[in-house]
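Here is what each chain is made of, one letter per residue.
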Amino acid sequence: MAATAFHQASLQSRGYFCDSRLSLENGNATFRLISKGFKLDIAVLRRGNYCSRKRSFSVIKASNSQTTVFDQVSSPSNGGMSVSRKKSNEAALILIRHGESMWNEKNLFTGCVDVPLTKKGVEEAIEAGKRISNIPVDVIYTSALIRAQMTAMLAMTEHRRKKVPIILHNESEQAKAWSQIFSEDTHKQCIPVVTAWQLNERMYGELQGLNKQETADRYGKEQVHEWRRSYDTPPPNGESLEMCAERAVAYFMEHIEPQLLCGKNVMIAAHGNSLRSIIMYLDKLTSQEVISLELSTGIPMLYIFKDERFIRRGSPVAPNEAGVYAYTKVCGVFRVM
Ligand SMILES: O=C(O)[C@@H](CO)OP(=O)(O)O
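What counts as what
Residues numbered from 1 in each chain as written. Predicted model: local features only at pLDDT ≥ 70, side-chain atom pairs only at ≥ 80, totals over all residues. Heavy atoms only, no water. Near = heavy atom within 4 Å. Polar contact = N/O pair within 3.5 Å; in protein donor to acceptor, adjacent residues only side chain to side chain. Areas by Shrake-Rupley, 256 points an atom, 1.4 Å probe, with all protein chains shown as cover. Nonpolar A, V, L, I, M, F, W, Y, C, P; charged D, E, K, R; others polar. UniProt positions renumbered as here; feature names shortened; annotations may be inferred. Contact = heavy atoms within 4.5 Å. Helix = DSSP H or I, 4+ residues; strand = E, 2+ residues; numbered from the N terminus. Buried < 20%, exposed > 50% of the residue type's maximum accessible area, 1.4 Å probe, protein only. Pairing = 2+ DSSP bridges. Axes fitted to C-alpha atoms, helices over the stretch in contact; angles between N-to-C directions. Parallel < 35°, antiparallel > 145°, perpendicular 65-115°, else oblique. Phe/Tyr/Trp six-rings, centres within 6.5 Å; stacked < 30°, edge-to-face > 60°. Lys NZ or Arg CZ within 6 Å of the ring centre and 35° of its normal.

1. Notes on the site of the ligand
Inference 1: Near the ligand the following residues occur: Arg 97, Asn 104, Leu 108, Phe 109, Thr 110, Gly 111, Glu 201, Tyr 204, Lys 212, Arg 228, Arg 229 and Asn 273.
Inference 2: The contact in question runs from an oxygen atom of the ligand to an N or O atom on the backbone of Thr 110, over 2.8 Å.
Inference 3: Contacts to the ligand include Tyr 204, whose side-chain N or O atom sits 2.5 Å from an oxygen atom.
Inference 4: Relative to its free-state accessible area of 310 Å², the ligand is covered by the protein chains to the extent of 95%.
Inference 5: The class makeup of the residues in the shell around the ligand is 3 nonpolar, 4 polar and 5 charged.

Written out as structure tokens, the structure reads:
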């Protein structure tokens, strides 16, 4: 019970009011929450992590005073990374789908299989870095998969500020202790990189490793399109976009939005479908609209977070290419910026 009271207090300090604890099952405590905007949500506390269970994701906005995640990044217990606070009512959010992977090249369903970039993917990541080289980046989030991490790191080699992206290792106390940095000056020249499995590509189930064209020939184009692009139809034993959103958007709301509220500029390097689910949330797309949302590999997308709203700014233009970053038949506005 003491632990529950502690977590209740912790949730309140994060801008949520708990009006009641609904249940405590299998070590998971379920609370009914009311945010400061008086919207309702249910949160589940699993081993110290809060997971939103609301499906529409149109809910909790924490107040500007929320600093929990911010402190987490700057605390020595998180690898000794130092992030100075800046007062701002505006922040940049950059989303990048990883560059071409070796299985994109072979047209194989990839999902959570950890495949590296091709040479073309490496070049795309570098080109993405050129496009965003003038936007200061305070913190980077990537999935746990190498293609997203390679993309983030390669993009940062092009950045004008020449700060060093450093992956935080919080998997154990020893990992934290052994990756500490003992120079404040060096800290200032670093950008913390947080890796999170919640940002991974949707798990493609029994399609992982299959050729996309051969699968369409076998099961029919329509069926495969439904598996690939529908909101709520999962591939066999895999995750639907809705299921992917339940972890990716919950992570975004819990960990990334508070950084933006603090005025931090954030870059996220992730995947076609984990980013589709996040864009669905940012742009308030319906489950019909998201069907035709496609993301290109290695093209950065910029949003401005202002007054707790996300304003889509398209892709920063590269020297030799039109600013197309994504396309959708329904949302033509995505086509050219
Ligand atoms: O294979 C995958 O993991 C994804 C992304 O490459 O494919 P899809 O185009 O079906 O989203």
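2. Brief notes about the UniProt feature "active site" (unreviewed entry) in the protein chain
Inference 1: Under the present numbering, the feature "active site" (unreviewed entry) in UniProt falls on His 98 and Glu 201. The largest pairwise C-alpha distance within this set of annotated residues, which runs over 104 residues, is 10.4 Å, so the set is compact in three dimensions.
Inference 2: The contacts of His 98, once residues within four sequence positions are left out, are Asn 104, Leu 117, Arg 147, Ala 148, Thr 151, Ala 270, His 271, Thr 297 and Gly 298.
Inference 3: Among the structural elements, Glu 201 can be located in the loop between strand S8 (190–195) and helix H8 (212–219).
Inference 4: In contact with Glu 201, not counting residues within four places along its chain, are Gly 111, Cys 112, Leu 145, Arg 147, Glu 239, Arg 247, His 271, Gly 272, Asn 273 and Ser 274.

3. Digging into the UniProt feature "site: Transition state stabilizer" (unreviewed entry) in the protein chain
Inference 1: Per the UniProt entry, the sites bearing "site: Transition state stabilizer" (unreviewed entry) are His 271 in this numbering.
Inference 2: With respect to the secondary-structure elements, His 271 resides in the loop between strand S9 (266–270) and helix H11 (272–282).
Inference 3: Under the relative-accessibility criterion, His 271 is labelled buried at 0%.
Inference 4: Sequence-distant contacts of His 271, that is, excluding residues within four places in its chain, are made with Arg 97, His 98, Ser 143, Leu 145, Arg 147, Ala 148, Leu 199, Asn 200, Glu 201 and Arg 276.

4. Some thoughts on the sheet that holds strand S6 (residues 139–142)
Inference 1: On the basis of which strands lie adjacent, the open sheet formed by 7 strands has the order S7-S8-S6-S9-S5-S11-S12 and mixed pairing. Either end of the sheet is taken by a strand with one partner, and the two such strands are strand S7 (164–167) and strand S12 (309–314). Pairs of neighbouring strands in the sheet enclose a mean axial angle of 25 degrees, with direction left out of account.

5. Thoughts on the packing of H8 against helix H9 (residues 221–229)
The relative placement of two packed helices is expressed as an angle between their axes plus a distance between the axes.
Inference 1: Relative to each other, H8 and H9 sit at 125 degrees, their axes nearing to 6 Å. Our classification of the angle between H8 and H9 gives oblique. On H9, the residues touching Lys 212, Thr 215, Ala 216 and Tyr 219 of H8 are Lys 221, Gln 223, Val 224, Trp 227 and Arg 228.
Inference 2: Here the residues of the contact of H8 with H9 sort into 4 nonpolar, 2 polar and 3 charged.

6. What about the packing of aromatic side chains?
Inference 1: Evaluation of the coordinates by the stated rule reveals 7 aromatic pairs.
Inference 2: Between Tyr 219 and Trp 227, the aromatic rings sit 5.3 Å apart at their centres with planes inclined by 65 degrees, giving edge-to-face as the arrangement.
Inference 3: On the accessibility criterion, Tyr 219 (39% relative accessible area) is partly exposed.
Inference 4: Measuring from ring centre to ring centre gives 5.8 Å for Phe 252 and Phe 310, while their planes differ by 55 degrees; the resulting arrangement is tilted. In this pair, Phe 252 sits in helix H10 (residues 241–261) while Phe 310 sits in strand S12, placing the two residues 58 residues apart along the sequence.
Inference 5: Taken together through their ring pairs, the aromatic side chains of Phe 252, Tyr 281, Phe 305 and Phe 310 make up a single cluster.
Inference 6: Positioned above the aromatic ring of Tyr 204, the side-chain terminus of Arg 202 is 4.4 Å from the ring centre.
Inference 7: Lying over the aromatic face of Phe 109, Lys 212 brings its terminal NZ or CZ to 5.4 Å of the ring centre.

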